[in-house]
Amino acid sequence: MNYNLNYEPLLLICGSRSTENALLEQLRGFLPKEVPIIPFFFYEGKDTPEGNYFSVFSSQEVYDDFLKSGFRPLIKEYIITNRTMFNNQLDTILTLPRNQRILLVNDSPVSALESIDHLKDIGFDFLHLVPYYPGCQSVPKDISIAITPGEVDKVPPGIDAVYNIGTRVMDFPTVVKIMSHYGVLEQKTQDYANLYLTNILDFAKRVSNIADEASKVMKTVRRELIGTGYYAKYRFDDIIGESENIQKTKVISQKIARTDLTVLIEGDNGTGKELFASAIHNASQRVRQPFVAINFSALPDHLLESELFGYEEGSFTGAKKGGKVGLFQQANGGTIFLDEIGDISIKMQAKLLRVIEEREIMKIGGDRIIPIDVRIIAATNRDLKQMIYEKTFRKDLYYRLREGYIHLPSLKERKTDIPLLVRHWQSHLFSDPKPIDHEVMEILMGHDWPGNIRELLNVIKFAFAVSERDVITKEDLPADSFECPQPISACAPALHMDEIALLVLSAIWEINLKGDIAGRGSILRFLKEQPHHVSEYKIRKGISTLLSRNLIANHQGKYGLTLTEKGFACLYSDFDSN
């Protein structure tokens, strides 16, 4: 994908030079080097930039001062950062005396009080901290120690020991917002997350044995580690659409987000179920806590149970030393997103029902009940009511999940949003946002989009990739995207096993076409729905035949089985010839 390299400038506004230097270094560590970053220390009143900018403010206080100073026209869009004190110097204050007052020095009254509150929140409530800032009255004689987050020059005379714990930097959610603004979230997040995790882990190792109070700090460290690995990318503002159907769905979702209801999201593949789950979490009271997602269709029962609930050391062959913390524990305080809930077995449904009812879990091989506080959001593209009728999904679990219910409209039901989606992708995804011919838009509006938004996006990506003109025309559209292939009837009958293999080949193609992962289980379900009564054993033999003839490829993991070029050609030729 060709991302836009003509990045707009970022205006960085801070309350002190030390904060400016720290945030500037942090921004340059995760943004592409092509992003122009313009520091503007407006308190000095020098060199006011021209134009308006995407602006990043170091605090609410700085933002308010900026507006009072008359600089509002410089702002096009803005983010007020949340900042964290987790850094390499923080552990130095764990051994400070508990029985005497200590100065907390910062550049303003608000910043000093915020720093004290932040230290208390992350476990340093055992220190007796007194705020100090420029303009304060004289320092009490009994205070001889000062702590400062980077403002060493503001420490008053007469202090015997100064502990510089380092300037507060932007927390991980703020970094994610800025990455998202510049369209580099997928490219840059993992590298930055790895660096952030390394720093936190290094800090955690040093803290763990310093003092009794370290255990309080370690709780926050663990929460910080979890939040780094699991975060919600999207907000309701990221959901593009003005149609009545999507607007109604957003309004209902926003109302549900303000509650703590368990949520069931139903919708076809490609309609944005994870996007809505992420947006609900970010609009909830749990926004500062972890967001953990798991896809049930990708894991067999034995792996699913260990992922969800964790296990104790030695509980089974291959169990890791020290055991494992499950996803429910990792999501504690936040949200867990259970995608493809319709794909789990009856056995796992019973275990999940107990978790929802009791809000407690037990690790595999464990004997201790662990209470959890999580919000559950489940999603499926399957008809759960029909599954209840067929006795493949528990009725009691269905109604436990459906406290808050959201149905996502298909793209066919919101076609007026197609031009909006296309224009959004034009401006955000491609370095050369070419116009789209009117005839192309008519073709897009006339298609029913069985793959929904995911299918539309793939068509747009393809068109921009192959186009050699100044405008996207119908010649740039993928040739087979607007035709419905009839693969089975196009192939000649063959031997019995070849007929089974051909059914499997067709099923893999249809499953891939819907954006799903093709594996033995999904092929079995697909063929039963046709209906074709084929056993799992015959499906396994059919897959083996197709693999031996190089008609399919097995990617495993999140991609599963897919057709090769030879396999695709087979759908329209004599199967025996392969």
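First things first, this report covers the structure right here in the doc. The model shown is predicted, which means the values in this text are computed figures rather than measured ones.

1. Some remarks on the overall build of the protein
On a plain count of helices and strands, the protein comes out with 20 helices and 21 strands. For the protein, with 578 residues in total, the buried portion stands at 48%. Long-range pairs, those at least 24 residues apart, make up 70% of the contacts in the protein with a sequence separation of at least 6. Element-wise, carbon and sulfur atoms account for 49% of the exposed surface of the protein, whose accessible area totals about 28400 Å².

2. Quick notes on the pattern of salt bridges
The full count for this structure, using the stated rule, is 21 salt bridges. Here Lys474 and Glu439 are joined by a salt bridge, their closest N and O atoms 3.2 Å apart. With Lys474 in the loop between helix H16 (452-466) and helix H17 (496-513) and Glu439 in helix H15 (residues 438-446), this pair connects stretches of sequence that are 35 residues apart. The exposure class assigned to Glu439 is partly exposed, which follows from its relative accessible area of 36%. When salt bridges that share partners are traced, they join Arg17, Glu20 and Glu44 into one network.

3. Focus: helix H11 (residues 346-358)
Here H11 is 13 residues long and its end C-alpha atoms lie 18 Å apart, about the 18 Å a rise of 1.5 Å per residue gives. Three or more residues of H11 are buried, namely Met348, Gln349, Leu352, Leu353, Val355 and Ile356. Buried residues of H11, viewed axially, fall in a sector of 160°; they line one side. Those residues of H11 that are buried lie in contact with helix H9 (301-309), helix H10 (327-330), strand E15 (335-339), strand E16 (360-361), strand E18 (375-380) and helix H13 (395-401). Once H11 ends, the next one or two residues include Arg359, with phi positive near 55°.

4. Remarks on the sheet that holds strand E3 (residues 53-57)
Within the open sheet, the four strands sit side by side as E2-E1-E3-E4. Their pairing is parallel. What marks the edges here is a single partner per strand, and that holds for strand E2 (37-39) and strand E4 (75-80). On average, adjacent strands in this sheet sit at an angle of 25° to one another, irrespective of strand direction. The pairing of E3 with E4 spans five bridges and is classified as parallel.

5. Some remarks on the sheet that holds strand E7 (residues 128-132)
Read across the open sheet, the four strands follow the order E7-E6-E8-E9; overall the sheet is parallel. The open sheet terminates on both sides in strands that have one partner only, identified here as E7 and strand E9 (161-164). Strand-to-strand twist in this sheet, taken as the mean axis angle between neighbours without regard to direction, amounts to 30°. Bridge analysis of strand E6 (residues 101-105) against E7 gives five bridges, and the strand direction is parallel. Looking at E7, one finds that Ile102 is bridged to Leu129.

6. Brief notes about the nonpolar core
The biggest cluster of nonpolar side chains holds 32 residues, and the ones touching the most others in it are Leu308, Phe328, Ile336, Leu338 and Ile341. Of all the elements in the fold, those that place two or more residues in this core are strand E12 (291-295), H9, H10, E15, H11, E18, helix H12 (384-389) and H13. With five residues, H11 is the largest single contributor of residues to this core. In this view, Ile341 contacts Leu264, Phe296, Leu352, Ala378, Ala379, Thr380, Leu384, Phe393 and Leu401; residues no more than four positions away in its chain are not counted. Grouped together as the second largest cluster of nonpolar side chains are 24 residues, Leu503, Ile508, Leu524 and Leu527 included.

7. Remarks on the pairing of E18
For E18, a buried count of six out of six residues is recorded, marking the element as mostly surrounded by other parts of the structure. Every second residue of E18 is oriented toward a common face, with Arg375, Ile377 and Ala379 on one face and Ile376, Ala378 and Thr380 on the other, all of them buried. As paired elements, strand E11 (residues 263-266) and E18 share four bridges and run parallel to each other. In the sheet register, Leu264 faces E18, and the bridge partner there is Ala378. Pairing geometry for E15 and E18, over four bridges, is parallel.

8. So, the environment of Ala507
Following the sequence through the fold, Ala507 ends up in helix H17. Judged by relative accessible area, Ala507 falls into the buried class, the value being 0%. In this structure, Ala507 is in contact with Ile523, Phe526 and Leu527, ignoring residues within four places of it in sequence.

9. Some words on unusual backbone geometry
Backbone geometry at Asp47 places phi at a positive 50°, although glycine is not the residue there. With respect to the secondary-structure elements, Asp47 resides in the loop between E2 and E3. You will see that Lys391, though not glycine, has its phi angle at about 65°, which is positive. A residue is classified by how much of its surface remains accessible, and Lys391, at 69% relative accessible area, is exposed.

10. Thoughts on the environment of Glu34
With respect to the helices and strands, Glu34 occurs in the loop between helix H1 (17-30) and E2. Once the C-alpha coordinates of Glu34 and Glu8 are considered, the two residues, 26 residues apart in sequence, prove to be 9.3 Å apart.

11. Some points on the packing of aromatic side chains
Under the definition given, this model contains 18 aromatic pairs. Here Phe40 and Phe66 contribute two aromatic rings whose centre-to-centre distance is 6.2 Å and whose plane-to-plane angle is 85°, an arrangement assigned as edge-to-face. One end of the pair, Phe40, is in the loop between E2 and E3; the other, Phe66, is in helix H2 (residues 60-68), and 26 residues separate them in sequence. Side by side, Phe40 and Phe66 carry an identical accessibility label, which is buried.

12. Quick notes on the packing of H9 against H11
In the contact formed by H9 and H11, the axes pass within 11 Å of each other and the chain directions differ by 15°. On the basis of the axis angle, H9 is roughly parallel to H11. Helix-helix and strand crossings are classified by hand; for H9 and H11 the assignment is right-handed. Contacts between H9 and H11 involve Asp301, Leu304, Glu305, Leu308 and Phe309 from the first element and Lys347, Met348, Lys351 and Val355 from the second.

So, how was this worked out
- Residues numbered from 1 in each chain as written.
- Predicted model: local features only at pLDDT ≥ 70, side-chain atom pairs only at ≥ 80, totals over all residues.
- Heavy atoms only, no water.
- Helix = DSSP H or I, 4+ residues; strand = E, 2+ residues; numbered from the N terminus.
- Buried < 20%, exposed > 50% of the residue type's maximum accessible area, 1.4 Å probe, protein only.
- Contact = heavy atoms within 4.5 Å.
- Areas by Shrake-Rupley, 256 points an atom, 1.4 Å probe, with all protein chains shown as cover.
- Salt bridge = Lys/Arg side-chain N within 4 Å of Asp/Glu carboxyl O.
- Expected span 1.5 Å × (residues − 1).
- Arc of directions from axis to C-beta.
- Pairing = 2+ DSSP bridges.
- Axes fitted to C-alpha atoms, helices over the stretch in contact; angles between N-to-C directions.
- Core = buried A, V, L, I, M, F, W, Y, C linked by side-chain atoms within 4.5 Å.
- Phe/Tyr/Trp six-rings, centres within 6.5 Å; stacked < 30°, edge-to-face > 60°.
- Parallel < 35°, antiparallel > 145°, perpendicular 65-115°, else oblique.
- Left-handed = near helix turned anticlockwise from the far one by under 90°.

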